[in-house]
Amino acid sequence: LLQSGWHSRLAGLKTLLFNVSRAVTRDVLITFSPKEGPSRLNSTEKGKAGKIHFPREIFQSLGSQTVRVVVTVLNIQQLGMFKEVNQTGQVLDNTVVGITVGESSISGLQEPVQITFPHGELPQVSAVPALTAAPGPLAGQAGGWRSRGCVTQPGDKGTVCSCDHLTFFTLLLNPALDGSTARALLAVATAGCGVAMAFSIFTMAFCIFVRCRFRLEETVRTNLGLHLNLVGSLLLLNLAFLLNTGLAGRASPSTCRVLGGLTHYCLLCCFTWMALEGCQLYLLFVKVLGTYIHHYLAKLCLLGWGFPALVVGVAGALGSYGEYSIQTMDHQAIAHLCWITSKYLLVHYITNCGYFGLIFLFNMAVFGVVTHKSCSLQGTGAVQGHRKPWKVALVAAGLFCLLGATWALAFLTYGISSAAVLYLFTILNSLQGLFIFIWLVVLYYPKTKESTGSLSYIIKHDKTTTASQD
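Residues numbered from 1 in each chain as written. Predicted model: local features only at pLDDT ≥ 70, side-chain atom pairs only at ≥ 80, totals over all residues. Heavy atoms only, no water.

As annotated in an unreviewed UniProt entry, the protein is AGRG3 protein from Molothrus ater. Looking at the Subcellular location (unreviewed entry) heading of the UniProt record, one finds this comment for the protein: "Membrane". (UniProt positions renumbered as here; feature names shortened; annotations may be inferred.)

Draft legend 1. Seen up close, unusual backbone geometry. Phi is positive for Asn94, which is not a glycine, with a value near 55°. The exposure class of Asn94 is partly exposed, given its relative accessible area of 25%. One non-glycine residue, His295, adopts positive backbone phi at about 55°. If you trace the backbone, His295 turns up in the loop between α5 (253-285) and α6 (296-317). (Buried < 20%, exposed > 50% of the residue type's maximum accessible area, 1.4 Å probe, protein only. Helix = DSSP H or I, 4+ residues; strand = E, 2+ residues; numbered from the N terminus.)

Draft legend 2. Representation of the nonpolar core in the model. With 45 residues, the main nonpolar core has Leu224, Phe271, Met274, Phe356, Trp407, Leu440 and Tyr444 as its most contacted residues. Considering every element that reaches this core, the biggest residue donor is α5, with 9 residues. Membership of the second largest hydrophobic core comes to 32 residues, among which are Phe18, Val20, Phe32 and Leu109. (Core = buried A, V, L, I, M, F, W, Y, C linked by side-chain atoms within 4.5 Å.)

Draft legend 3. Structural detail: the pairing of strand β8 (residues 95-101). For β8, a buried count of 6 out of 7 residues is recorded, marking the element as mostly surrounded by other parts of the structure. Bridge count for strand β6 (residues 66-75) against β8 is 7 bridges, and the pairing is antiparallel. Each residue of the ladder has a partner; that of Val70, found in β8, is Thr100. Bridge count for β8 against strand β13 (residues 168-173) is 2 bridges, and the pairing is antiparallel. Residue pairing in the sheet places Gly98 in a bridge with Phe168 of β13. (Pairing = 2+ DSSP bridges.)

Draft legend 4. Broad picture of a nonpolar patch on the surface. Taken together, Tyr282, Leu283, Val286, Phe362 and Val369 make up a surface patch of nonpolar side chains, about 350 Å² in accessible area. Counting residues per element, the ones that place at least two in the nonpolar patch are α5 and α7 (345-379). As for its position among the elements, Tyr282 is in helix α5. (Patch = residues over 30% accessible without salt bridge, like charges linked within 9 Å, V, L, I, M, F, W, Y side chains within 5 Å. Areas by Shrake-Rupley, 256 points an atom, 1.4 Å probe, with all protein chains shown as cover. Salt bridge = Lys/Arg side-chain N within 4 Å of Asp/Glu carboxyl O.)

This is the structure:
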C-alpha cells in the first residue's frame, strides 16, 4: 500500500517522497539520521537511527485515495536556516525534521505522530530536553520554536516526541554551562569548602565549650546538641566533596561507587538535620506544653544519622552510584564526580530534590509560625525589660534562611540566568559555616542568666501565659 518514492540528497538537505494509500491497514514507520537522511528501510546504523511513526488514522481520515508524504531532514548549520533571534537553546545535532502529508495543514490529531530523536548521554548540566515545533510565520508575526502540541519523553538512547500536528520538528536543549564558568564554579566551591570546614570546626568547638563550661537549661543544651550535629554533617559534606573532586576520574569503579554513596549520605544528613531543627523550633514555639521525651537527643541522632544511611543503602543496592561527568554542550567533559549516575536520575529527583523540597516547605511554615508568635509576644510588651528579644526571631531566621533558603537556590539554576544563580548558590553555601559560627556566637555567648539563649525566656513566658489563660 506504500508506493515507491524518491530521494533528494543535497548538501544539508535530504528528502524522501512517497505515496500512501488511504486503505493502508498498518502504521507507517520511517527512519532517519543526520547523515543518511530519511528512509523507508532501516539502512542507517543500528541503534542510532531516528524514527517517525505515522498512525494509519492520519491517512484514513483524508479524502483522496492516495496521499503524498514528504519527509525532510535538514542540517540547519549548513543551510543557515531556522535561526531564531535571541535563541538560548541549541538544536540537537543541528537537525530539523519536516513532515508534510497531503496538500493541507494537519493539526489536532487524536493519534499523535511520534518522532524519536536518537542521542547518547546528554550534557548533565543542561535541563531536560524539550521538543519544540516551528510553525510557519503568520502575517505580521515572526516564526519561532514552540512546544505547544508536543509531549516529550526523554530516554537514555533517545527522546520520543508525540505531536498532534505536522510541521518542522527538532530537539532543543536548554543552554549548558561553558567550560570556563564551570571551572570557575568548581574553584569557588573547592575554596569555599575549605573555609566552611574551618568554621565548622570552630563552631563545633564553641558548642562543646558552652555545653561543658556553663550550667544551661535542658532546652538550651538540646538546642546546642542539634546545632552541633547539623554543623558536623556540614563538615562531613564539605570533606566528602573535597575527596570526591580530588579522587573522581582516577578512582576505580568500586571506589567511586563508595565515594558517591558517601557524598550522597552526607548531603542527606544535612537535609535531615535541617528538618530536625525545624521540628525542634515547632515543638518549642508551638507545642510549648509538650511532654518529656526520654533520651530525646539520642533519638534525634538515631534519626538524623540513621535514616540517610537507610536511603543510601537502598540506592546503593539499586546500583545508583558511579562516575558522573559534567559536560559542555559539545559533550566535552569538564569535571568528573562520583555521584548518582545519569541512568538513575529518578533517584536524584526523589531523594534530593523531592526530599529537600518537602523540608524547605515545612521549615518555611515553621518560620512563619515562629515569626508571628515572636511578634505577637513582643507586641504585648511581655518581653520588655529583657535583653534583645529580637533574638527569638533571629533563631528562626538563622535556621531557616542560612540552613534552608541558600539550598533552595538550586531550584533556580535553570534558564538564561542559571550561571548567576549558580555563583550565588555556590558562594552562599560555601560561606554557610562562617554564617552559622557568627550566628551561634551572637546567640549563645554567655551573658545574663536569663538571656543565655534568649529563646528559653520566651518559651517559659509562653508556658506561663498559656497556663494562666487556662
